[in-house]
Amino acid sequence: MMQVDDGIDEISPMTLGHYYQNLFPHALYYKWLNYNGKLATTEFTHREFSFTIKDGIYLRYQSFKDSEEFQRELSRLSPSKIDIGAIFTAPPKHAKSLQPGVFKPVSKELVFDIDMTDYDEIRTCCQGGDICAKCWRFMTVAMHVVDRALREDFGFTKIMWAYSGRRGVHCWVCDERARKLDDAGRKAVAGYLSLIRGGAEQGKKVNLTQRSAQHPHIVRSLEIVEEYFEDVLLVDQEILLTRDRWTKVLNALPDEELRKTMDAQWSKRPDRSSVDKWSELIDAVDKRAAKKGSKFGLNTFERDIMLQMTYPRLDENVTTHVNHLLKSPFCIHPKTGRVCTPIAADQFDSFDPFAVPTLAQLLREVNEAPSQSGSIAKSTSMAPYIGVFEDFVSTVLPTPVNSQPSLDF
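The paragraphs below set out a description of the structure included in this document. Predicted model only: the values in this text are computed from it and were never measured.

**Examining the overall build of the protein chain**
Then, number 1: Counting its secondary structure elements, the protein chain contains 15 helices and 9 strands.
Then, number 2: Summarising its shape, the C-alpha atoms of the protein chain cover approximately 70 × 60 × 50 Å along the three principal directions.
Then, number 3: Every one of the 409 residues in the protein chain was classed for burial, and the buried ones make up 52%.
Then, number 4: By sequence separation, contacts in the protein chain at least 24 residues apart represent 67% of the contacts at least 6 residues apart.
Then, number 5: Accessible area for the protein chain stands at about 19,300 Å²; split by element, carbon and sulfur atoms hold 49% of it.

**Comments concerning the environment of Leu-281**
Then, number 1: With respect to the helices and strands, Leu-281 occurs in helix H11 (residues 274-292).
Then, number 2: For Leu-281, a relative accessible area of 0% corresponds to the buried category.
Then, number 3: With 23 residues separating them in the primary sequence, Leu-281 and Leu-258 have C-alpha atoms 9.2 Å apart.
Then, number 4: When near neighbours in sequence (up to four residues on either side) are disregarded, Leu-281 contacts Val-249, Leu-250, Leu-253, Met-262, Trp-266 and Phe-301.

**Some details on the packing of aromatic side chains**
Then, number 1: Applying the stated rule across the entire model yields 30 aromatic pairs.
Then, number 2: Seen in terms of ring centroids, Tyr-30 and Phe-44 are 4.9 Å apart; in terms of plane orientation they differ by 75 degrees. Their pairing is edge-to-face. Highlighted residues: Tyr-30 in helix H2 (residues 26-34) and Phe-44 in helix H3 (residues 42-45), separated in sequence by 14 residues.
Then, number 3: Residue Tyr-30 is classed as buried on the basis of its relative accessible area, which comes to 9%.
Then, number 4: Ring geometry for Phe-49 versus Phe-64: centroids 5.7 Å apart, planes at 50 degrees, classification tilted.

**Quick look at the pairing of strand E1 (residues 47-52)**
Then, number 1: The buried fraction of E1 amounts to 6 of the 6 residues, a majority that puts the element mostly inside the structure.
Then, number 2: Of the two faces of E1, the one holding Arg-47, Phe-49 and Phe-51 and the one holding Glu-48, Ser-50 and Thr-52 are both buried throughout.
Then, number 3: Across 5 bridges, the pairing between E1 and strand E3 (residues 81-88) is antiparallel. When the sheet's bridge partners are listed, Phe-49 is paired in E3 with Ile-84.
Then, number 4: As paired elements, E1 and strand E2 (residues 58-62) share 3 bridges and run antiparallel to each other. Note on E2: the bridge partner recorded for Phe-49 is Gln-62.
Then, number 5: Here E1 folds back onto E2, and the loop between the two strands holds 5 residues, one of which, Asp-55, carries a positive phi near 65 degrees.

**Describing the state of the cysteines**
Then, number 1: On inspection of all chains with the given rule, the structure shows 0 disulfides.
Then, number 2: The thiol sulfur of Cys-132 is not disulfide-bonded, and the nearest other cysteine sulfur, from Cys-125, lies at 3.5 Å.
Then, number 3: The cysteine Cys-135 is free of any disulfide, with Cys-125 supplying the nearest cysteine sulfur at 3.7 Å.
Then, number 4: What makes Cys-135 buried here is its relative accessible area of 0%.

**Things to note about the pattern of salt bridges**
When their charged atoms lie close together, side chains carrying opposite charge are able to pair.
Then, number 1: All told, the structure shown has 25 salt bridges when counted by the stated rule.
Then, number 2: For Glu-121, the salt bridge is made with Arg-313, and the minimal N-O distance between the two is 2.7 Å. Taken together, the positions of Glu-121 in the loop between strand E5 (110-115) and helix H5 (133-152) and Arg-313 in the loop between helix H12 (301-310) and helix H13 (316-320) put the pair 192 residues apart, joining distant regions of the chain.
Then, number 3: Residue Arg-313 is classed as buried on the basis of its relative accessible area of 8%.
Then, number 4: Close ionic contact of Lys-378 with Glu-390 constitutes a salt bridge, the shortest N to O distance being 3.4 Å.

**A word on the packing of helix H10 (residues 256-268) against H11**
Then, number 1: Following both chains from N to C, one finds H10 and H11 inclined at 150 degrees, their axes separated by 11 Å at the closest point. As the angle between them shows, H10 and H11 are arranged roughly antiparallel. Judged by the sense of rotation from one axis to the other, the crossing of H10 with H11 is right-handed. Of the residues in H11, those in contact with Glu-257, Leu-258, Met-262, Gln-265 and Trp-266 of H10 are Lys-277, Glu-280, Leu-281, Ala-284, Val-285 and Arg-288.
Then, number 2: Grouping the amino acids of the contact of H10 with H11 by side-chain chemistry returns 6 nonpolar, 1 polar and 4 charged.

**Remarks on the environment of Val-173**
Then, number 1: Turning to its location among the elements, Val-173 is positioned in strand E7 (residues 168-173).
Then, number 2: Note: C-alpha distance between Val-173 and Glu-223 (50 residues apart in sequence) is 24 Å.
Then, number 3: Among residues more than four places away in sequence, those in contact with Val-173 are Glu-109, Leu-110, Phe-112, Leu-150, Phe-156, Lys-158, Ile-159, Ala-178 and Arg-179.

**Digging into the sheet that holds E5**
Then, number 1: With antiparallel pairing, 4 strands are arranged side by side in an open sheet as E5-E7-E6-E9. Edge positions in the sheet fall to E5 and strand E9 (342-343), since each has one partner strand and no second.
Then, number 2: Both strand E6 (residues 159-163) and E9 contribute to a ladder of 2 bridges, which runs antiparallel. Paired with Ala-162 across the two strands is Pro-342, which belongs to E9.

**Notes on the layout of surface pockets**
Then, number 1: Counted as a void, the largest pocket has a volume near 310 Å³.
Then, number 2: Along the walls of the largest pocket sit 16 residues, with Lys-81, Asp-115, His-170, Lys-327 and His-333 positioned nearest its centre.
Then, number 3: Residue assignment for the lining of the largest pocket shows that the elements contributing at least two residues are E3, E5 and strand E8 (326-327).

**So, H12**
Then, number 1: Of all 10 residues in H12, 9 are buried, a share of seventy percent or more.
Then, number 2: Phe-301, Arg-303, Asp-304, Ile-305, Met-306, Leu-307, Gln-308, Met-309 and Thr-310 are the residues of H12 that are buried.
Then, number 3: Taken together, the buried residues of H12 touch H5, helix H8 (216-236), helix H9 (243-250) and H11.

What counts, and where the lines are drawn
- Residues numbered from 1 in each chain as written.
- Predicted model: local features only at pLDDT ≥ 70, side-chain atom pairs only at ≥ 80, totals over all residues.
- Heavy atoms only, no water.
- Helix = DSSP H or I, 4+ residues; strand = E, 2+ residues; numbered from the N terminus.
- Buried < 20%, exposed > 50% of the residue type's maximum accessible area, 1.4 Å probe, protein only.
- Contact = heavy atoms within 4.5 Å.
- Areas by Shrake-Rupley, 256 points an atom, 1.4 Å probe, with all protein chains shown as cover.
- Phe/Tyr/Trp six-rings, centres within 6.5 Å; stacked < 30°, edge-to-face > 60°.
- Pairing = 2+ DSSP bridges.
- Disulfide = S-S within 2.5 Å.
- Salt bridge = Lys/Arg side-chain N within 4 Å of Asp/Glu carboxyl O.
- Axes fitted to C-alpha atoms, helices over the stretch in contact; angles between N-to-C directions.
- Parallel < 35°, antiparallel > 145°, perpendicular 65-115°, else oblique.
- Left-handed = near helix turned anticlockwise from the far one by under 90°.
- Nonpolar A, V, L, I, M, F, W, Y, C, P; charged D, E, K, R; others polar.
- 1 Å grid on protein atoms, 1.4 Å probe; cavity = no way out; pocket = protein on both sides within 12 Å on 5 of 7 lines; lining within 4 Å.
- Points joined across faces, edges and corners; volume = space filled by probe spheres on them.

Nothing here speaks to function; it is all geometry.
Structure, rendered in structure tokens:
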């Protein structure tokens with residue numbers, strides 16, 4: 001049995017080495033990125049991996065001939081971070097020896113990165129790299145909205161979500177037609193899913209035409225947002241509790257007179273809850289809209305501000321370029337020590353980032369567990385996450401010929 005006693009609480013080449021040797025799901029990982037059974041294909045051999053190793057040294061254009069070589073190098077180098085890149089026209093490790101123009105990316109999973117820091121202008125509980133159970137619900141909403149759009153609007157089925165290990169989530173779309181999208185195709189998908197436009201100084205960041213507001217994706221997204229808005233924005237985040245908070249909401253209101261009226265009204269009784277203030281605001285907007293008509297945008301204010309505050313905020317640069325790197329599932333986040341774990345589609349609401357095991361926790365569990373044969377990882381708190389990964393990988397593998405339905409009568 002593996003024993004790691006000294007320095008177990010540290011993320012070091014030694015502790016990472018033990019993790020990669022004994023707990024990293026090598027076989028499943030290889031099946032995923034090889035996409036075609038046991039024999040290595042160019043899906044794996046021509047794939048770029050990048051490793052961040054001791055002292056922050058960054059090794060790009062790593063590639064491997066098979067699973068065994070990948071496992072050996074992972075154990076030897078013990079990277080603090082693994083990034084996955086594109087599949088190229090040749091093995092990336094030969095990139096420097098190839099003629100210009102010969103070495104170029106040809107495919108990669110369609111990926112999305114949603115980071116909590118992009119919600120800093122909205123969330124009131126945390127800022128920067130910090131998260132809590134309250135603001136994590138923004139990630140819950142984001143996964144619901146994007147996942148349903150990818151499945152229902154684009155017809156993708158081979159989708160894996162993963163916790164980044166600290167403050168966000170990543171999405172890997174592994175359908176073959178998604179992997180073969182060029183930069184223009186990826187940009188089109190990212191544009192389709194992006195709704196929030198404008199920086200921190202801009203008051204109104206959702207601008208829908210009458211026609212675009214009726215698009216099935218917007219209608220569906222609004223239904224999801226409405227389900228979470230009161231609990232997340234009004235109760236948990238209290239976005240109208242103080243003047244500096246309610247000013248951000250009122251700045252999106254397309255009626256200066258009404259903005260001043262609501263600001264004065266709330267300033268007289270600032271201690272009232274956000275739920276009460278929201279109800280007052282919507283009543284006032286509805287009355288004003290009835291007098292002024294729809295052309296002033298008041299009749300769509302409630303819809304637009306709910307989307308602006310709750311709709312997913314994507315890092316479009318990660319999605320739009322085939323050769324953009326993204327952190328690998330099952331590496332260890334260097335700041336938190338947590339494993340970057342998969343998230344099942346039916347666990348968006350129940351997933352708890354604070355329950356994800358840390359490297360130190362896993363090594364203790366292994367030390368304390370009785371000797372046994374078989375997978376060490378499945379005897380630790382990694383087991384449920386490996387189960388999620390196993391279920392996902394089974395969807396990307398080719399269907400065996402002998403498993404096809406029989407036509408015999």
